[in-house]
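Inside the fold
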Amino acid sequence: MPSDSIRIPAPADFHVHLRQGKLCELVTPHVQQGGMSLAYVMPNLVPPLTKTDAAVAYREHLQSLCPETRFLMTLFLSPELTVEEVRKAHAAGIKGVKSYPRGVTTNSGAGVESYERYYEVFAEMEKLDMVLNLHGEVPSSAEQNISVLNAEHSFLPHLLSLHQRFPKLRIVLEHATSAAAIEHVRMCGPTVACTITVHHLALTVDSWAGQPLNFCKPVAKLASDREALRTVVASGDPKFFLGSDSAPHSLRKKMPSAHDFVHKQLSSQNSDHHGTSECPTCAAGIYSSSEILPLLADIFEDASLSPQIPLERLEGFASKFGRDFYKEPIQSGEKDVVLERIQQKRRIPAAYSYAAEDGETELIRPLYAGQEISWQIKQ
């Protein structure tokens with residue numbers, strides 16, 4: 001008989017995006033709503049968090065919005081990050097540094113072009129026992145036959161090279177999407193781990209081809225890749241744990257209107273200024289924080305996805321394994337969460353709304369919006 005309730009000790013999400021302004025005010029409390037006691041926050045704001053003081057101020061802001069969740073902070077790897085700044089960050093309790101290859105995802109224009117220039121920074125991080133978080137893709141290149149479909153695979157030699165050069169540096173390959181990524185992480189020693197998102201346990205390339213709401217970076221891959229992700233989670237390998245990569249974007253950015261854009265172009269065709277000729281592209285990111293634990297339970301036991309993942313793996317995947325790797329034991333006041341199966345399924349909200357800085361009402365559409373699930377957090 002399937003379990004009707006699951007107790008998870010102080011769940012932790014080791015990869016979240018919480019944005020800025022009114023959007024931040026909306027989504028930050030959702031971290032606790034989705035069941036998380038601990039959240040590891042990404043630094044790709046505008047401007048990115050390259051300085052300790054800015055990261056500390058952001059942490060204080062997040063704590064004011066969601067006092068029941070503890071937020072761990074990161075810095076954005078850029079030429080501004082010095083050995084001295086790394087020491088300052090460590091002293092301020094900042095856990096890690098996030099590397100984004102230039103231009104591969106949201107707000108990554110100031111990202112990395114070459115790792116060699118950062119070897120001194122990595123050596124200091126290794127000494128201080130900080131974590132290097134890697135967005136594991138390289139930029140697309142027609143000359144090198146690299147696209148969103150193989151950008152992760154093309155990055156994996158960099159993971160092995162960094163691990164070989166800095167064997168004691170804790171490294172996390174973020175949001176793995178492929179069987180190759182799983183294999184490479186398993187090839188590395190115990191100082192290398194990997195986060196997996198809830199959406200990559202459910203989606204494949206067909207989920208986002210033609211559907212902007214399911215478009216993220218790195219993109220979901222083949223069914224065989226999804227099976228590899230689910231298999232490693234089902235195995236209970238502690239190198240792999242939850243990092244939701246929950247990344248909210250307004251519906252306006254997820255599904256920009258080509259119709260409106262072209263009408264504007266046509267209306268201005270007699271003027272001297274025509275602006276860009278390119279239609280707007282959709283933003284990369286899937287939002288899941290508000291329902292992350294119930295979604296995980298539903299997706300773990302979904303009979304249409306192979307293999308099914310035993311529900312008893314939730315505790316390790318969504319709490320213990322990540323906490324152990326990051327050396328973040330449960331603190332006094334951090335609470336267990338109980339998931340309960342419900343007889344009458346409930347629907348994930350169609351959207352969340354907020355008033356943006358320009359006064360417009362914006363909508364955020366979550367993963368599985370409008371679909372029925374069988375789990376909820378017991379109040």
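You'll find the structure just up there.
Notes on the structure follow. (Residues numbered from 1 in each chain as written. Predicted model: local features only at pLDDT ≥ 70, side-chain atom pairs only at ≥ 80, totals over all residues. Heavy atoms only, no water.)

As for the sheet that holds strand S4 (residues 70-72)
To keep it simple, the criterion reads: Two strands are said to pair when DSSP picks up at least two bridges between them. Secondary structure follows DSSP: runs of H or I at least 4 residues long count as helices, runs of E at least 2 residues long count as strands, and numbering of each begins at the N terminus. As a rule, the C-alpha atoms of each element are fitted with a line to give its axis, helices using only the stretch in contact, and angles between N-to-C directions run from 0 to 180 degrees.
Here three strands make up an open sheet; going across it, the order is S2-S3-S4 and the pairing parallel. The outermost strands of the open sheet, each flanked by one partner alone, are strand S2 (12-16) and S4. Direction aside, neighbouring strands of the sheet carry axes that sit 25° apart on average. Here S2 runs beside strand S3 (residues 38-41); their pairing, made up of three bridges, is parallel. Bridge pairing in S3 links Ala-12 to Leu-38.

Quick word on the pairing of strand S12 (residues 352-355)
Rules: Buried residues are those whose accessible area, probed at 1.4 Å on protein chains only, stays under 20% of the maximum for their type, while exposed residues exceed 50% and partly exposed ones sit between those limits.
The alternating pattern of S12 places Tyr-352 and Tyr-354 on a buried face, while none of Ser-353 and Ala-355, on the opposite face, is buried. Note: S12 against strand S13 (residues 361-364), four bridges, orientation antiparallel. Along S13, the bridge assignment pairs Ser-353 with Leu-363. Adjacent in sequence and paired antiparallel, S12 and S13 are bridged by five residues, among which Gly-359 carries a positive phi angle near 90°.

A look at the pairing of strand S8 (residues 170-174)
As a reminder of what qualifies: If the strands point away from the viewer and the path from the first strand over the helix to the second runs clockwise, then the crossover is right-handed.
Within S8, five of the five residues are buried, which leaves it mostly tucked inside the rest of the structure. Side chains Arg-170, Val-172 and Glu-174 of S8 all project onto a buried face; the interleaved residues Ile-171 and Leu-173 project onto the opposite face, where all are buried too. Across five bridges, strand S7 (residues 131-135) lies against S8 in parallel orientation. Directly across from Asn-133, in S8, lies its bridge partner Val-172. For the segment spanning S7, helix H5 (residues 151-165) and S8, crossover handedness is right-handed. Bridging between S8 and strand S9 (residues 192-196) involves three bridges; their strand directions are parallel.

Looking at the sheet that holds strand S11 (residues 337-347)
Strand pairing in a sheet is mediated by backbone hydrogen bonds. Such pairs are either parallel or antiparallel. Here is the rule: We call two residues in contact whenever any of their non-hydrogen atoms come within 4.5 Å of each other.
With antiparallel pairing, the three strands of this open sheet are ordered in space as S1-S11-S14. Each edge of the open sheet carries a strand with a single partner, namely strand S1 (5-8) and strand S14 (372-377). Looking at each pair of strands side by side, their axes are set apart by 35° on average, direction ignored. Of the pairings in the sheet, the one linking S11 to S14 comprises five bridges and is antiparallel in character. Within S14, the residue paired with Arg-347 across the bridge is Glu-372. This element, helix H12 (residues 314-326), spans S1 and S11 of the sheet and lies at about 20° to S1.

Details of helix H2 (residues 52-65)
This is how the line gets drawn: Expected span of a helix, by definition, is 1.5 Å for each gap between consecutive residues, and there is one gap fewer than residues.
When the terminal C-alpha atoms of H2 are compared, their 20 Å separation across 14 residues agrees well with the 20 Å that a helix rising 1.5 Å per residue should span. Those residues of H2 hidden inside the fold are in contact with helix H1 (21-33), S3, S4, strand S5 (74-76) and helix H3 (83-91).

Concerning the packing of helix H6 (residues 179-187) against helix H8 (residues 223-235)
Operational definition: An angle counts as roughly parallel when it lies under 35 degrees, as roughly antiparallel when it exceeds 145, as roughly perpendicular when it falls between 65 and 115, and as oblique in every other case. Under the scheme applied, nonpolar residues are Ala, Val, Leu, Ile, Met, Phe, Trp, Tyr, Cys and Pro; charged residues are Asp, Glu, Lys and Arg; polar residues are all the others, including Gly.
Where H6 contacts H8, the axes come no closer than 7 Å and their chain directions differ by 40°. If you check the angle between H6 and H8, you find them oblique. Touching Ala-179, Ile-182 and Arg-186 of H6 are Asp-225, Ala-228, Leu-229, Val-232 and Ser-235, all from H8. Split into classes, the residues belonging to the contact of H6 with H8 amount to five nonpolar, one polar and two charged.

Overview of the environment of Leu-132
Position of Leu-132 among the secondary structure elements: in strand S7. By relative accessible area, Leu-132 is classed as buried at 0%. Beyond its immediate sequence surroundings of up to four residues, Leu-132 is in contact with Val-97, Ser-99, Phe-122, Met-125, Leu-162, Leu-169, Arg-170, Ile-171 and Val-172.

Quick notes on the environment of Val-172
Counting through the fold element by element, Val-172 comes out in strand S8. Classification of Val-172 by relative accessible area gives buried; the value is 0%. Sequence separation between Val-172 and Thr-195 is 23 residues, and the spatial gap between their C-alpha atoms is 7.0 Å. Setting aside residues up to four positions removed in sequence, Val-172 forms contacts with Val-131, Leu-132, Asn-133, Leu-134, Ala-193, Cys-194, Thr-195, Phe-325 and Tyr-326.

Focus: the packing of helix H11 (residues 292-300) against H12
Two elements in contact, H11 and H12, have axes whose closest approach is 10 Å; the angle formed by their N-to-C orientations is 145°. Touching Leu-293, Leu-296, Ala-297 and Phe-300 of H11 are Leu-314, Phe-317 and Ala-318, all from H12. Here the residues of the contact of H11 with H12 sort into seven nonpolar, no polar and no charged.

Here we look at the side chain of Asp-298
Here is the rule we go by: Asp and Glu count as negative and Lys and Arg as positive, but His and the ends of the chain are not part of the count. When a carboxyl oxygen of Asp or Glu is within 4 Å of a side-chain nitrogen of Lys or Arg, the pair counts as a salt bridge. Polar contacts, as used here, are pairs of N or O atoms within 3.5 Å; protein pairs need one atom able to donate a hydrogen and one able to accept it. Residues neighboring in sequence count only if both atoms are side-chain atoms.
Within the secondary structure, Asp-298 sits in helix H11. The charged side chain of Asp-298 is buried without a salt bridge, its nearest counter-charge being Lys-345 at 6.0 Å. Within the local environment of Asp-298, its side chain forms a polar contact with the backbone nitrogen of Ser-374, the two atoms lying 2.9 Å apart. Apart from the residues within four sequence positions on either side, Asp-298 is in contact with Glu-372, Ile-373, Ser-374 and Trp-375.

Examining the packing of aromatic side chains
Rules: Centres within 6.5 Å are what make two rings of Phe, Tyr or Trp a pair, Trp counting through its six-membered ring; a difference in plane orientation under 30 degrees is then read as stacked, over 60 as edge-to-face, and the rest as tilted. Sitting over a ring, as applied to charges here, requires NZ of Lys or CZ of Arg to be within 6 Å of the ring centre and within 35 degrees of the ring normal.
All told, the structure shown has 16 aromatic pairs when counted by the stated rule. With 5.3 Å between their ring centres and 20° between their planes, Phe-76 and Tyr-100 make a pair best called stacked. With Phe-76 in strand S5 and Tyr-100 in the loop between strand S6 (96-99) and helix H4 (119-128), the pair connects residues that are 24 residues apart, well separated along the chain. Between the aromatic rings of Tyr-115 and Phe-155, the centroid separation amounts to 6.4 Å while the plane-to-plane angle is 70°, which identifies the pairing as edge-to-face. Taken together, the residues Tyr-115 in the loop between S6 and H4 and Phe-155 in helix H5 connect sequence positions 40 residues apart. Relative accessible area serves as the criterion here: at 9%, Tyr-115 is assigned to the buried category. Aromatic ring contacts, followed pair by pair, group Tyr-115, Tyr-118, Tyr-119, Phe-122, Phe-155 and Phe-166 into a single cluster. Over the ring of Phe-325 we find Arg-170; its NZ or CZ atom is 6.0 Å from the centre of that ring.

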